[in-house]
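Single-letter residue listing:
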2 protein chains.
Amino acid sequence: MNKNITVILGDGIGPEVTQQSVKILNAVADQFGHKFTYDYQLMGAIAIDKTGNPLPDETIASCLKTDAVLFGAIGDPKYDNDPNAKVRPEQGLLKIRKELNLFTNIRPITIYPTLSHLSPLKNEKLQGVDFLIYRELTGGIYFGKKSKSEDGNSASDDCTYSSFEIERVAKLAFEAAQKRQKHLTLVDKANVLETSRLWRKVVQKMAASYPDVTVDYLFVDNAAMQIIINPAQFDVVLTENMFGDIISDEASVLSGSLGLLPSASIGDKTALFEPIHGSYPQAAGKDIANPLASILSAALLLDYFNLTEEANLVRNAVAWTLEKGFVSKDIDPVNNYSTNTIGDLIKDFIENKI
Amino acid sequence: MNKNITVILGDGIGPEVTQQSVKILNAVADQFGHKFTYDYQLMGAIAIDKTGNPLPDETIASCLKTDAVLFGAIGDPKYDNDPNAKVRPEQGLLKIRKELNLFTNIRPITIYPTLSHLSPLKNEKLQGVDFLIYRELTGGIYFGKKSKSEDGNSASDDCTYSSFEIERVAKLAFEAAQKRQKHLTLVDKANVLETSRLWRKVVQKMAASYPDVTVDYLFVDNAAMQIIINPAQFDVVLTENMFGDIISDEASVLSGSLGLLPSASIGDKTALFEPIHGSYPQAAGKDIANPLASILSAALLLDYFNLTEEANLVRNAVAWTLEKGFVSKDIDPVNNYSTNTIGDLIKDFIENKI
Ligand SMILES: [Mg+2]
Ligand SMILES: [Mg+2]
């Protein structure tokens, strides 16, 4: 398989973790006879420094014609601390999401038994936890009409959804459920909100086309409880933008380390893969960052290319490093390995050298 | 002190748990020389059965002229399972909230060390957890304008807040913080929502009048994480209606038992005190229900009357029963005590007989 991948290293630890992912993708390509061609592009603080623009046109053009985008992290404190800064690194990410119309965000929640001591939850709650959150990413109250009264004493936000917006993300979630445990949970507040009732109506109607998928419904307040008291009940969770923001961040703490969590954002044209962690500038250039969230994002990219065996091999390699204790400083402050060494070990595992 | 209390026993386990609370309030009155006069009124399924109305006018009239309302629980499966039921028990509760204009809901989150094995969180996360959530209860998106397009393919919900609505709940939260650790956390999404920016503006302005209170701000998605990874950081949490619904339910699982959680709802006229648990019809009449959420709601009622010493004595008595293992079946399925016995033990503790 020949594929083009636009690589955006970004800021802070973005370059060093993303370089490990490229190393892994190359090892996968060698082992399985694929050819991945990389087009390196700028975004974020580094793009401002070099071009004055957090998202240069060339980056957009590359992303629009590529097969997938692998992205590192964005943000630099020198812009955060300058209230007069006219352009900010984060604008680059918001703009690329818009350009690519990334309407679905996917976050896998996976537990690694050897890290269960880092989780805030008791070990028995973590048994069998393995789910995906499908969050609608371009609609709802975050993108609704905002208004403020003239005297400044009243404000409002509008939350609107159309059947079309719900269908396209729900389709992806149903398809994901079909490949997994065939269980989809819609999180809404249909006892109160009109938009939630539309979500429920659309999903109920679509369910007829996926007879192999069991669909259930949870109110968002109950979901916020269930994620803590019984997270193993979930397979694929589907929800609107704001509820997805809240419950995916809540669920992200279960694994015990944000350094492990990848994400995929799917649009009409190109999909983008990135760790959920930030640019962590304090660690940049020190070869101490955890590369696993980026490497697991690369695994999601392989899934997206339907290279399931390859993606699973990468995930197995990651699980193996965790089991063997080949972990970065954020996971074990005493016995730890460098970013680059962890990348090499995963590469060796993929190449059957270990 | 002479006070009138309207008692609404309600449905399911409501009567038996609320009767324990009345027993405790009487013990407190005897010990401290107060006089509480009770006016028993109907609401819920029992009110439908007896009068055809889930909230009879007589109940409303009593609640409007009383000093406080102590309420049990609402709901009966015979109405849930009847799709033709024209009136439902729950309508009574919604209507009384409206009649009393209960604009603030308060939920204390308290951890009892002897129950930490029931919490989904690791023990070390529970150390020092003791906070109050102040949730705005009559505004925001739950009560906003709802609309649906004619073809049914689009729906919207409006979220509106006025400075006035924010000020009255924020005032109560600031005052509570002054009596506690002097730390108020506003939970909002001010980086995205116009209403959240109004909340932040109003609270920032009010903060000047409470110089002894430290105010900080958390985005709701981050708050959903912090409640799990570091719940001990909170003292008083203030938030809007929907965020409060989500995070107060999330926080309610920390203690390990919903049977322990009281609530207060404050309005212009009268305040209402109730356990957060439901009517639990399977347990009704068996003398096995946990009376602690109701008894702790009675403690909040004493707080509301500014009877702080009395309220603390009730809370100490509750903590003592938990320490000594005088617990109901939901807490310990093997060695447990009846609803009535637990009430008696707390009464004896208050009367210095133990
Ligand atoms: Mg978030
Ligand atoms: Mg709720």
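Cut-off values and rules
Residues numbered from 1 in each chain as written. Chains lettered and ligands numbered in written order. Predicted model: local features only at pLDDT ≥ 70, side-chain atom pairs only at ≥ 80, totals over all residues. Heavy atoms only, no water. Helix = DSSP H or I, 4+ residues; strand = E, 2+ residues; numbered from the N terminus. Rg over C-alpha atoms; globule rule 2.2 N^0.38 Å. Contact = heavy atoms within 4.5 Å. Areas by Shrake-Rupley, 256 points an atom, 1.4 Å probe, with all protein chains shown as cover. Donors = N, O, S within 2.8 Å, 3.2 Å for Na, K, Ca; no water. Pairing = 2+ DSSP bridges. Axes fitted to C-alpha atoms, helices over the stretch in contact; angles between N-to-C directions. Buried area = accessible area lost by both parts, 1.4 Å probe. Salt bridge = Lys/Arg side-chain N within 4 Å of Asp/Glu carboxyl O. Polar contact = N/O pair within 3.5 Å; in protein donor to acceptor, adjacent residues only side chain to side chain. Nonpolar A, V, L, I, M, F, W, Y, C, P; charged D, E, K, R; others polar.

Chemist: Got a minute to help me understand the overall build of chain A in this structure?
Modeler: Tallying secondary structure elements over chain A gives 13 helices and twelve strands in all. Its C-alpha atoms give chain A a radius of gyration of 20 Å, within 12% of the compact-globule value 20 Å for 354 residues. Overall, chain A is about 55 × 50 × 40 Å in size when its C-alpha atoms are taken along their principal axes. When contacts within chain A are restricted to residue pairs at least 6 apart in sequence, those whose partners lie at least 24 apart make up 76%. Total accessible area on chain A is roughly 13900 Å²; 49% of this is exposed by carbon and sulfur atoms.

Chemist: Any chance you could explain the coordination of the magnesium ion (ligand 2) here in plain terms?
Modeler: Perfect tetrahedral coordination of a metal by four donors corresponds to 109.5 degrees between them, and perfect octahedral coordination by six donors corresponds to 90 or 180 degrees. Only D221 of chain A (OD), D245 of chain B (OD) and D249 of chain B (OD) from the protein coordinate the magnesium ion (ligand 2), and they sit 2.1 to 2.2 Å from it. On the criterion of chain membership, the pair formed by D221 of chain A in helix α9 (residues 220-229) and D249 of chain B in helix α10 (residues 241-252) is interchain, its members lying in two chains.

Chemist: Got a minute to help me understand the sheet that holds strand β6 (residues 146-148) of chain B in this structure?
Modeler: In sheet architecture, strand pairing relies on hydrogen bonds along the backbone and comes in two forms, parallel and antiparallel. Strand order across the open sheet formed by four strands is β6(A)-β7(A)-β7(B)-β6(B), with antiparallel pairing between neighbours. Two strands close off the open sheet at either side, each with one partner strand: β6 (146-148) of chain A together with β6 of chain B. The sheet shows a mean angle of 15° between the axes of neighbouring strands, direction not considered.

Chemist: Mind showing me how you'd approach the interface of chain B and chain A here?
Modeler: Many descriptions give the size of an interface as the accessible area lost when the pieces come together. Each partner contributes to the interface: chain B provides 49 residues, whereas chain A provides 49 residues. Here chain B meets chain A over a buried area of about 4000 Å², counting both sides, of which 64% is carbon and sulfur. Contact with chain A buries area across many residues of chain B, yet K122, E194 and I246 of chain B alone supply 15% of it, more than any other trio. Among the ionic pairs, K189 of chain B bridges to D245 of chain A, the shortest N-O distance being 2.8 Å. Counting across the chain B and chain A interface gives 24 residue pairs in polar contact (both at pLDDT 80 or more). Among the elements of the structure, α6 (123-126), β6, β7 (154-162), α8 (194-207), α9 (220-229) and α10 of chain B are those that each provide at least two residues to the side of chain B that touches chain A. Each residue belonging to the side of chain B that touches chain A can be placed in one class, and the counts come to 21 nonpolar, 14 polar and 14 charged. Where strand β7 (residues 154-162) of chain A and β7 of chain B come together, nine bridges link them in antiparallel fashion.

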